[in-house]
Amino acid sequence: MEQINTLLETAFGRYQLQRFPVNKAEKLRAWDAADEYVLQHLDENKLLTENISLLIVNDGFGGLSIPLSRYKPVVMIDSYLASHGIVLNSQNNTIDEDAITISNSLDRPEDIFTTSVDIVLIKLPKSLAMLEDQLHRIRPVLSSTTIIIAAGMTKNIHMSTMKLFEKIIGDTKTSLARKKSRLIFSQVDERLTVSENPFPTSYTLPYKLDGIDLEVNNHAAVFSQDKLDVGARFFVENLPADEKYTTIVDLGCGNGVLGVMAAIKNPTANLVFTDESYMAVESAISNFVSVFEETREAEFLQTDCLQGVEDNSVSLILCNPPFHQNNAITDNVAWQMFSESKEALTQKGELWVIANRHLAYHAKLKTIFGNCEVVASNNKFTLLKVIKS
Ligand SMILES: C[S@@+](CC[C@H](N)C(=O)[O-])C[C@H]1O[C@@H](n2cnc3c(N)ncnc32)[C@H](O)[C@@H]1O
């Protein structure tokens, strides 16, 4: 098997970087051409000087913060995996523990920086909604002297991306492409009238469940942020109800709609919500609390899949698996979710998975559990159930 390159060579040093969680069959590097482009640009234009303040938004696994660690960057990040990747990669490269400060995606940069920031580097996030939220969040710590450089793969940079920068920051232009990546340069216009950050947003579910009209709150990074995903809707319509489900986990919960609905249908069950996204977990908390207020408790974990959930402790796991990790398409996470489910379930415990018909989850699940039943299907989705035996 071809070994993936883990050596990032930059003008700021050479670093061994891995994605997290470490996977021997990993096909993706821990950084991308856009990271390399930013580092080259900073070096070629001698933009970094001692004592500058540096904010890095959405650094994945340390591709920017580790080479730039001597400038003591603050990294704003939504992903548990990426922040753990930064911590582990820092240790592996013997970088001082306090060189990189990690803050989460809902922190207010003005609580971290006392004056405006000198340089802001932004790796473009997956969604425009997240970019919009992040530009609003950083705006209070920008001034006309702040150097703002965003970076992404060319295929992810559109007119709409540029327009967001112009609407929230000011004049914006792009660089030439290098290795299919591009930089975006934005200049703060202090006279610009900037509207309020529209996030978090909410919508009402398209139907009532047990007479309840559910209003779903969503932070910007959350899956199904502007409307209920069709797969999730099909899942909700077919959720099981039975007293045997004493502990239910909403695995990769997003805004928590599956778990909240399962809680309504299973009034005595204990609920656990897990997601690697900070904004997802915060959205799930808000949605659970808005339905149950003080009357019911649940556990919420920002974690990798089922880390933190005890083995042999869960009777039902609900899963609408992701097929992305950051901007990369992969089914590694689905595999990991299924294998870890087997550990977490009690004997006869059940894992229910919603799958787009073109994804081969049926075969995967059968390999892991030795059984797989179709509970419901329509022209786009199948709802699969496996039992731990
Ligand atoms: C397809 S979405 C489903 C969200 C929600 N359950 C629904 O049906 O609307 C997949 C979710 O898995 C989360 N996720 C991705 N990788 C994860 C990981 N390693 N551990 C936990 N959650 C993860 C994503 O943040 C996302 O919220």
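Here the structure is shown first, and the text comes after it.
**Section: the packing of aromatic side chains**
Moving on, step 1. The tally for this structure, following the rule as stated, stands at 5 aromatic pairs.
Moving on, step 2. Their ring planes at 75 degrees and their centres at 5.9 Å tell us that phenylalanine 288 and phenylalanine 300 sit as a pair that is edge-to-face. Here phenylalanine 300 lies in strand 14 (residues 298-302) and phenylalanine 288 lies in helix 8 (residues 278-292), a separation of 12 residues in the sequence.
Moving on, step 3. In this structure phenylalanine 288 comes out as buried when scored by relative accessible area, which is 2%.
Moving on, step 4. Overall, phenylalanine 300 belongs to the partly exposed group, its relative accessible area being 22%.

**Observations concerning the site of the ligand**
Moving on, step 1. Taken together, 19 residues lie near the ligand, and Gly252, Asp275, Asp304, Cys305 and Asn320 sit nearest.
Moving on, step 2. The backbone of glycine 252 places a nitrogen or oxygen atom 2.8 Å from a nitrogen atom of the ligand.
Moving on, step 3. In this structure, a nitrogen atom belonging to the ligand sits 3.4 Å away from a main-chain N or O atom of cysteine 253.

**Looking at the state of the cysteines**
Where two cysteines share a covalent bond between their sulfur atoms, that bond is called a disulfide.
Moving on, step 1. Counting across every chain of the model gives 0 disulfides.
Moving on, step 2. Cysteine 305 supplies the cysteine sulfur nearest to cysteine 319, a cysteine that is in no disulfide, at a spacing of 8.2 Å.
Moving on, step 3. Here cysteine 372 stays free of any disulfide, with the sulfur of cysteine 319 as its closest cysteine sulfur at 13 Å.

**Points about the packing of helix 4 (residues 128-138) against helix 5 (residues 159-168)**
Packed helices, taken two at a time, are described by their axes: the angle between them and the distance between them.
Moving on, step 1. At a minimum axis distance of 10 Å, the contact between helix 4 and helix 5 shows a crossing angle of 20 degrees. When the axes of helix 4 and helix 5 are compared, the pair comes out roughly parallel. For helix 4 against helix 5, the interelement crossing comes out right-handed. Contacts between helix 4 and helix 5 involve Leu128, Leu131, Glu132, Leu135 and His136 on the former and, on the latter, Ser160, Thr161, Leu164, Phe165, Lys167 and Ile168.

**Focus on the pattern of salt bridges**
Moving on, step 1. In this structure the tally under the stated criterion is 15 salt bridges.
Moving on, step 2. Note that glutamate 132 is salt-bridged to lysine 167, the shortest N-O span being 3.6 Å. In this pair, glutamate 132 is assigned in helix 4 and lysine 167 in helix 5, connecting sequence segments 35 residues apart.
Moving on, step 3. By relative accessible area, which is 16% here, glutamate 132 ends up buried.
Moving on, step 4. Overall, lysine 167 belongs to the partly exposed group, its relative accessible area being 43%.
Moving on, step 5. Salt-bridge contacts for glutamate 237 lead to arginine 233; the nearest nitrogen and oxygen are separated by 3.0 Å. Linking glutamate 237 with arginine 233, this pair stays in helix 6 (residues 230-237), spanning 4 residues, or about one helical turn.
Moving on, step 6. Under the relative-accessibility criterion, glutamate 237 is labelled partly exposed at 44%.

Rules used throughout
Residues numbered from 1 in each chain as written. Predicted model: local features only at pLDDT ≥ 70, side-chain atom pairs only at ≥ 80, totals over all residues. Heavy atoms only, no water. Phe/Tyr/Trp six-rings, centres within 6.5 Å; stacked < 30°, edge-to-face > 60°. Helix = DSSP H or I, 4+ residues; strand = E, 2+ residues; numbered from the N terminus. Buried < 20%, exposed > 50% of the residue type's maximum accessible area, 1.4 Å probe, protein only. Near = heavy atom within 4 Å. Polar contact = N/O pair within 3.5 Å; in protein donor to acceptor, adjacent residues only side chain to side chain. Disulfide = S-S within 2.5 Å. Axes fitted to C-alpha atoms, helices over the stretch in contact; angles between N-to-C directions. Parallel < 35°, antiparallel > 145°, perpendicular 65-115°, else oblique. Left-handed = near helix turned anticlockwise from the far one by under 90°. Contact = heavy atoms within 4.5 Å. Salt bridge = Lys/Arg side-chain N within 4 Å of Asp/Glu carboxyl O.

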